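Coordinate analysis (summary)
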Amino acid sequence: MTFDIRTLVSIPHGKPVRIFLPLKKGPELYRAQCVYQKSDPPELNLLFELGVLPVEDISLSRASIISIDMGGPTVSLEAMIQKIKNPQTLQMIVKKSITHDEMREFFRVDATAKIISKSFQTELFENKNETWSIEGKTIDISGNGVLAFFPEEPPADKQVRLEITIPLAEPETVTLLAHQVRSVKLSDERFEAAYHFDDISVEDRDKIIGCCLLIQRKLLRLKVQVKDR
């Protein structure tokens, strides 16, 4: 187990956290808000509002991801459910913690989705010639950034507005602010551009991370199926 007990001890009792829970039917993950309650490390309890926890649908055989905003880098923990104590409480045991850099890679997956890069202050420009908008396709995505193809070179503005359609069963579009990290012209005349997210809501970041976890579980299941043949 790769886990520093001090990470758990540093989390205040009663701290609001987010959790991605595995479900029995399918690879989908259930996202919920809950409250952290201290126990004997590496154990912890999570308290939910009445009616939030889908008790009958939760899988006890797969790991959950707990995300805690500590006012700086987000702390992420991989944990197993030991017991559903009641309709509002889960007893968990932490298996490992995930650092900020590890989280960026852990939640990064290959995914093809529609992405539109736009000038940030489009509605404020009086001269419409200064506005621009380019539609492309994502190559991979994480909770912190995205790599995408575009048919022309996207301007390297200080900050841009990205609209990303997350490839879920029911696709959702999130809008955020980002800056371009790099742009490279490819042999087929397309451009590959990498962006880092600068301003994204907690809810939208959760949607992206949830999608990444879903895709990872699908790939893992596919690898197991191929291996068993």
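Residues numbered from 1 in each chain as written. Predicted model: local features only at pLDDT ≥ 70, side-chain atom pairs only at ≥ 80, totals over all residues. Heavy atoms only, no water.

1. As for the overall build of the protein chain
Within the protein chain one finds three helices and 13 strands. Contacts in the protein chain between residues at least 24 apart in sequence constitute 58% of all its contacts with a sequence separation of at least 6. Looking at the protein chain as shown, the accessible area adds up to about 12,600 Å², and 51% of this sits on carbon and sulfur atoms. (Helix = DSSP H or I, 4+ residues; strand = E, 2+ residues; numbered from the N terminus. Contact = heavy atoms within 4.5 Å. Areas by Shrake-Rupley, 256 points an atom, 1.4 Å probe, with all protein chains shown as cover.)

2. Considering the pairing of strand β10 (residues 145–150)
Counting buried residues in β10 gives five out of six residues, a clear majority hidden from the surface. Direction of pairing for strand β9 (residues 133–141) relative to β10: antiparallel, over a ladder of four bridges. In the sheet register, K137 faces β10, and the bridge partner there is F149. With antiparallel pairing between neighbouring strands as the criterion, β9 and β10 make up a hairpin whose turn holds three residues. (Buried < 20%, exposed > 50% of the residue type's maximum accessible area, 1.4 Å probe, protein only. Pairing = 2+ DSSP bridges.)

3. What about the environment of V146?
With respect to the helices, strands and loops of the structure, V146 is situated in strand β10. Accessibility expressed as a relative area gives 2% for V146, which makes it buried. C-alpha separation for the pair V146 and L162, spaced 16 residues apart in sequence, amounts to 9.9 Å. Filtering out sequence-adjacent residues up to four positions away, V146 remains in contact with I115, T138, D140, I141, L162, I164, A193, A194, Y195 and F197.

4. Focus on the pairing of strand β6 (residues 89–98)
Of all ten residues making up β6, eight are buried, and the element is well covered by its neighbours. Across five bridges, the pairing between strand β3 (residues 43–47) and β6 is antiparallel. Bridge assignment links N45 to a residue of β6, and that residue is Q91. In terms of strand pairing, strand β5 (residues 74–86) meets β6 through nine bridges, oriented antiparallel. Directly across from K83, in β6, lies its bridge partner Q91. Joining the antiparallel neighbours β5 and β6 is a turn of two residues.

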